[in-house]
Amino acid sequence: MRFFMRKIVIIVVLAYAIFSLYAAYNVFFNKRVVSRVHRVVKKGSAPLDTGKAGEEEWNPWEEDERANSIVLQKNRDAFRSHQDRIAKNMPKRYKVQIWGKAAIGLYLWEHILEGPLNPPDISSHWREGEVQSGKINFSFYTGPAVVQGHVSLEADSGVLVLNGRVQQKISYSIQWLQYVQGLVQAHSVSRVAVVLLGNEQCNNDWISPYLKRNGGFVDLLFLVYDSPWVNDKDVFQWPLGVATYRNFPVVTLSSQMVNSARPYLCNFLGTVYKNSSRETLMSILKQNRMEKECLMSAREKWLPQETTDTSKKYQVALAQSDLTLCPVGINTECYRIYEACAYGSVPVVEDVLTPGACSAGTRSPLRLLKDAGAPFIFLKDWRELTAILEKERVMSQKEKAERRMKLLEWYNGFRQQMKEKFTEVLEDSFFKVS
């Protein structure tokens, strides 16, 4: 029995020794077997030695990754193609800079192009703004600090707004023209237009040498008053507008302005020159005892600037009168006409041609406004005013409100028409946009 037990122990020990030797052999001498199920070679890591040179490890997700990569590339290509189509179909934009060196520049910018100005303070020495019209992005600079050489050029097309009414203004305008001419010669600017407040008798010969048709560099001229130069090819007539140099505002339309009854039939606040038709006008108003029905305030001397009180008084007169009397001055076209339109007060215009070279045949004076269908009351002699006022007295409030709305709508349409014309002329001449 003891011998049998010893034999079993020896067998067990021997078996353990044999198993231990086998295990040691596998650990230290046999080649390692790697499971291919869980082994994935990461990108950038060195491949493990598999015993066969150049053998690649198997990646079970390789086909999915390849498919995803193909889909991603197709999406990227489709997105680029979509962006290219958008860019191709988008209208091309052009840049034009406007340098406002005359007060009529504010009428162009705020009243016609309806552009903003920063800072809003009208006393600021430097004001600027941007607005889009048609295919053009306009930028505008104005104020005393806008001087030659101190305005950055962000476009090679420019519009220069100048005053050529009197000799002092002409001298200043010539300095600016010579400066811009230097920019053209230096190839910093390639296309130039000028908006000019011309002489009230249309004596504008001083600018003629600067026009491209006369060997100069100015491609286009937008000219105030009925100049015979206007040909709608390179010279276009431009409206005088409101007196922005007196800070006349952009008037906001309201229902009260249209529908409310106005306490006065007419108004005239202005300068009465000796031996002028304005003396006749004042005489007729007094003879008909119109002091209570019409707001009247006459002065003997023209004042270039208004005080806050006189400016407010004038605007109140426009807003509270059915008619605004517009006698001729040095020229038939005057600020008062446009200012009356802004408040819905019908201009009664003295339709006579003033002395000078401002004539375009039977269409003058005020051919620009007449061609646009201005709903004004025209007369040749102020003695016709008595009959006009008699008709006003019997008009109903409804008729007056309808007429007022017609005037306000016309004036808004007129400004929009000028905006579109200005933009289209620049597009066609500067950029050949069809």
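Given the structure is predicted, the values throughout are model-derived calculations rather than measurements.

What counts, and at which threshold
Residues numbered from 1 in each chain as written. Predicted model: local features only at pLDDT ≥ 70, side-chain atom pairs only at ≥ 80, totals over all residues. Heavy atoms only, no water. Helix = DSSP H or I, 4+ residues; strand = E, 2+ residues; numbered from the N terminus. Contact = heavy atoms within 4.5 Å. Areas by Shrake-Rupley, 256 points an atom, 1.4 Å probe, with all protein chains shown as cover. Buried < 20%, exposed > 50% of the residue type's maximum accessible area, 1.4 Å probe, protein only. Pairing = 2+ DSSP bridges. Axes fitted to C-alpha atoms, helices over the stretch in contact; angles between N-to-C directions. Core = buried A, V, L, I, M, F, W, Y, C linked by side-chain atoms within 4.5 Å. Nonpolar A, V, L, I, M, F, W, Y, C, P; charged D, E, K, R; others polar.

(A) Inspection of the overall build of the chain at higher detail. When helices and strands are counted, the chain shows 11 helices and 12 strands. For the chain, contacts bridging at least 24 residues in sequence account for 71% of all contacts bridging at least 6. Total accessible area computed for the chain in this model is approximately 25,200 Å², and 55% of it derives from carbon and sulfur atoms.

(B) The side chain of D351, seen in detail. For D351, the location among the structural elements is in the loop between β11 (346-350) and α9 (367-371). Among the residues examined, D351 registers a relative accessible area of 9% and is labelled buried. Apart from residues lying up to four places away in sequence, D351 is in contact with P365, K370, F378, L379 and K380.

(C) Broad picture of the sheet that holds strand β10 (residues 321-326). Strand order in the open sheet formed by five strands is β9-β8-β10-β11-β12, and the pairing between neighbours is parallel. Across the chains shown, the open sheet's two edge strands, defined by having one partner strand only, are β9 (294-299) and β12 (377-379). The average angle at which neighbouring strand axes cross in this sheet is 20 degrees, direction not considered. Relative to β9, strand β8 (residues 264-271) runs parallel, the two being bridged by six bridges. By the bridge assignment, T271 is partnered in β9 with R299. Of the strands in this sheet, β8, β10 and β11 are in contact with helix α8 (residues 335-342), which crosses β10 at around 170 degrees.

(D) Quick look at the nonpolar core. With 86 residues, the main nonpolar core has F138, F222, W410, F422 and L426 as its most contacted residues. With 11 residues, helix α11 (residues 397-431) is the largest single contributor of residues to this core. Leaving out residues up to four positions away in the same chain, F422 has contacts with L108, L113, F138, V159, V195, F222 and W238. Formed by 27 residues, the second largest nonpolar core is a distinct cluster that contains V192, Y210, V230 and V235.

(E) A look at the packing of α8 against α11. Packing of α8 against α11 leaves a shortest axis separation of 8 Å and a crossing angle of 115 degrees. Between α8 and α11, the residues in contact are Y338, C341 and A342 and L407, L408, W410, Y411 and F414, respectively. Broken down by class, the residue content of the contact of α8 with α11 amounts to eight nonpolar, no polar and no charged.

(F) Broad picture of the pairing of strand β6 (residues 220-224). Across the five residues of β6, five count as buried, placing the element largely inside the fold. Judged by which residues are buried, β6 turns out to be covered on both faces: L220, F222 and V224 on one side and L221 and L223 on the other are all buried. As paired strands, strand β5 (residues 191-197) and β6 are joined by four bridges and run parallel to one another. Residue pairing for β6: A193 is matched across the bridge by L220. Relative to strand β7 (residues 235-238), β6 runs parallel, the two sharing four bridges. Each residue of the ladder has a partner; that of V224, found in β7, is W238.

Note that every value here comes from positions in space, so none of it alone points to a role or purpose.
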